[in-house]
Amino acid sequence: MELPAPLRQAVDRILEKVPLPDLKQAAKTLSNRYRAELRDGRLHMAQDMAVRAYLATRLPATYAAVRASLDALAEARPDFTPKTLLDVGAGPGTVLWATSDLWPELELATLLEASAAVRKIGETLAADAIAARTIWQAGDVTTDLADLQPADLVTCAYVLDEIVPASLAKMIDRLWHLTTDTVLIIEPGTPAGWQRILAVRQQLIAAGAHVLAPCPHEAPCPLNPPDWCHFSRRVARSRLHRLAKDADVPWEDEKFIYVAASRQPAVSRAARVIAPPKSGSGKVSLKLCEADGSAGEKLFTKRDGDAFKVARRLDWGDALARG
């Protein structure tokens, strides 16, 4: 999955004259902070160069994860066409771009972001390219949610790993109250990210939410450590991306986990592929999370006819429609 052409071109313009040594150093510092899940009171992207490093090395991957999560949400609720978006911890507008691409009908987007450097670049990227009226607001996701207006779609992507766990429940409660229809939370696809999503999922279900995706049920997660639920998208690296990270491989796999929950139930409940498919001659084995709350491997062979034809086309993260 690639960035939309207008976004890619806007990013290229911003990165055009950035000295490579400075970008490499900023990318290394940013990567170390993300990997360590540092919560030292400092913003990961407080400085202008850190934002540029993010655009070069992280934006394509986070966009792919956000878009995949939104696609799963839309598949579960094909009737849902949000007119308003509230994105908290918005970064440079990743969710805004993915939402606008999927739902061009979007009319109003409010983006809450603490870093002035990030807001400035986010506004530059979106200028003359996003049709929806866009409001950028300074604010902290744990303390500045009180005065925000409700929205059809409320999102929070790659944010929970940056806040103290004690603030999580109150924040999620506020996001749910701000949601007139659907909320989407996305986290890195690590065991720790999965645990955060499990806590969010449990809280939303207790508040009366219907889980849309990825789970086809509201039962407890059937997976147990060391196993964990996550998904992956392969993203092509640009030449600048490879240079900034001293990377030899022309692609990277972005692992992520998410939960989409709504005031409206999913139109249908389809089992989801929760691991890379295992294919052989005339057969494919899928690890499925099922609508009854169970999870396990299921083998499809040519003898299964149309079911096999469907199964062999599925990828990790896809829903298995029952026909």
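A brief structural summary. (Residues numbered from 1 in each chain as written. Predicted model: local features only at pLDDT ≥ 70, side-chain atom pairs only at ≥ 80, totals over all residues. Heavy atoms only, no water.)

1. Thoughts on the overall build of the protein
Formally: Under the DSSP-based scheme used, a helix requires at least four consecutive residues in state H or I and a strand at least two consecutive residues in state E, with every element numbered from the N terminus. The quantity called the radius of gyration is restricted to C-alpha atoms. Its globule counterpart is 2.2 Å times the number of residues to the power 0.38. The classification of residues rests on relative accessible area computed with a 1.4 Å probe and restricted to protein chains. Under 20% of the type maximum is buried, over 50% is exposed, and intermediate values are partly exposed. Here a residue-residue contact requires only that any non-hydrogen atoms of the pair lie within 4.5 Å. For accessible areas, the Shrake-Rupley method is used with a probe of radius 1.4 Å. Any residue's cover is judged against the shown protein chains and nothing else. As used throughout, the charge tally considers Lys and Arg to be positive and Asp and Glu to be negative, leaving His and the chain termini uncounted. Charge placement uses NZ in Lys and CZ in Arg. For Asp and Glu, CG and CD serve respectively.
Counting secondary structure elements, the protein contains ten helices and 13 strands. In terms of overall dimensions, the protein is globule-like: its C-alpha atoms have a radius of gyration of 20 Å, near the 20 Å expected for 323 residues. Each principal axis of the C-alpha distribution contributes one length, and for the protein these read about 60 × 45 × 35 Å. For the protein, with 323 residues in total, the buried portion stands at 52%. Residue pairs in contact within the protein that sit at least 24 positions apart in sequence constitute 73% of those at least 6 positions apart. In the structure as shown, the protein presents an accessible area of about 15000 Å², 51% of it carried by carbon and sulfur atoms. Taken together, the 41 basic and 40 acidic charged side chains of the protein have centroids lying 5 Å from each other.

2. Thoughts on the environment of Arg174
Residue position: Arg174 is located in helix 7 (residues 168-178). Dropping the residues within four chain positions of it, Arg174 is found in contact with Leu145, Ala146, Asp147 and Leu148.

3. Observations regarding the nonpolar core
Rules: For our purposes a nonpolar core is just a set of buried Ala, Val, Leu, Ile, Met, Phe, Trp, Tyr and Cys residues, chained together by side-chain atoms within 4.5 Å.
Core analysis: the largest hydrophobic core is formed by 93 residues, its most contacted members being Leu55, Leu73, Val88, Leu125, Met171, Leu175 and Ile185. Element by element, the count of residues in this core is highest for helix 4 (residues 59-76), at ten residues. Apart from residues lying up to four places away in sequence, Leu125 is in contact with Leu7, Ala10, Val11, Ile14, Leu55, Pro92 and Trp97. Listed in part, the ten residues of the second largest apolar core include Leu286, Ala311, Leu314 and Leu320.

4. Description of helix 1 (residues 5-15)
Condition: Note that the arc is computed from the directions linking the helix axis to the C-beta atoms.
Along helix 1, the residues that are buried comprise Leu7, Ala10, Val11, Ile14 and Leu15. For helix 1, the arc enclosing every buried residue in end-on projection is 130°, short of the 170-degree limit, so these residues lie on one face. Contacts made by the buried residues of helix 1 are with helix 3 (48-57), helix 4, helix 5 (94-102), helix 6 (116-126) and helix 9 (239-245).

5. Quick notes on the packing of aromatic side chains
Geometry of an aromatic ring pair is reported as the spacing of the ring centres plus the angle between the planes. Our working definition: Only rings of Phe, Tyr and Trp enter the pairing, Trp through its six-membered ring, and a pair is recorded when the two centres are within 6.5 Å. The plane angle decides the type: under 30 degrees is stacked, over 60 is edge-to-face, the rest tilted.
Per the stated rule, a full pass over the model turns up four aromatic pairs. For the pair Phe231 and Phe256, a centre-to-centre distance of 6.2 Å together with 45° between the ring planes defines the contact as tilted. Taken as a pair, Phe231 in strand 7 (residues 231-236) and Phe256 in strand 8 (residues 251-262) lie far apart in primary sequence, 25 residues in all. Among the residues examined, Phe231 registers a relative accessible area of 1% and is labelled buried.

6. Here's the deal with the environment of Asp248
Mapped onto the elements, Asp248 comes out in the loop between helix 9 and strand 8. Using a relative accessible area of 75% as the deciding quantity, one classes Asp248 as exposed. Taking C-alpha positions, Asp248 is 34 Å from Leu73, a pair spaced 175 residues apart along the chain.

7. Focus: the pattern of salt bridges
Note on pairing: side chains with opposite charge can pair once their charged atoms come close. Let me state the cut-off plainly: What makes a salt bridge here is a side-chain nitrogen of Lys or Arg within 4 Å of a carboxyl oxygen of Asp or Glu, nothing more.
Applying the stated criterion across every chain, the model contains 13 salt bridges. Asp246 serves as the salt-bridge partner of Lys24, at 2.9 Å between the closest nitrogen and oxygen. With a gap of 222 residues between them, Lys24 in helix 2 (residues 20-36) and Asp246 in the loop between helix 9 and strand 8 connect regions that are remote in the sequence. Counted as one network, the salt bridges with shared partners bring together Arg67, Asp71 and Asp101.

8. Re a positive patch on the surface
Under the convention used in this document: Patch definition: residues with relative accessible area over 30% and no salt bridge; like charges joined within 9 Å; nonpolar side chains (Val, Leu, Ile, Met, Phe, Trp, Tyr) joined within 5 Å.
The grouping of Lys302, Lys309, Arg312 and Arg313 at the surface amounts to a positive patch. With respect to the element layout, Lys302 can be found in the loop between strand 12 (295-301) and helix 10 (306-311).

9. Quick notes on the packing of helix 3 against helix 4
Convention followed: Comment: axis = line fitted to C-alpha atoms, over the contacting stretch for helices; angle = value between 0 and 180 degrees taken between N-to-C directions. Each angle receives one of four descriptions, namely roughly parallel if under 35 degrees, roughly antiparallel if over 145, roughly perpendicular if within 65 to 115, and oblique otherwise. Residues are grouped as follows: Ala, Val, Leu, Ile, Met, Phe, Trp, Tyr, Cys and Pro are nonpolar; Asp, Glu, Lys and Arg are charged; all remaining types, including Gly, are polar.
One can describe the packing of helix 3 onto helix 4 by two numbers: an axis separation of 4 Å at closest approach and a directional angle of 60°. By the angle between their directions, the pair helix 3 and helix 4 is classed as oblique. Two secondary-structure elements touch here, helix 3 through Tyr54, Leu55 and Thr57 and helix 4 through Leu59, Pro60 and Thr62. By residue class, the composition of the contact of helix 3 with helix 4 is four nonpolar, two polar and no charged.

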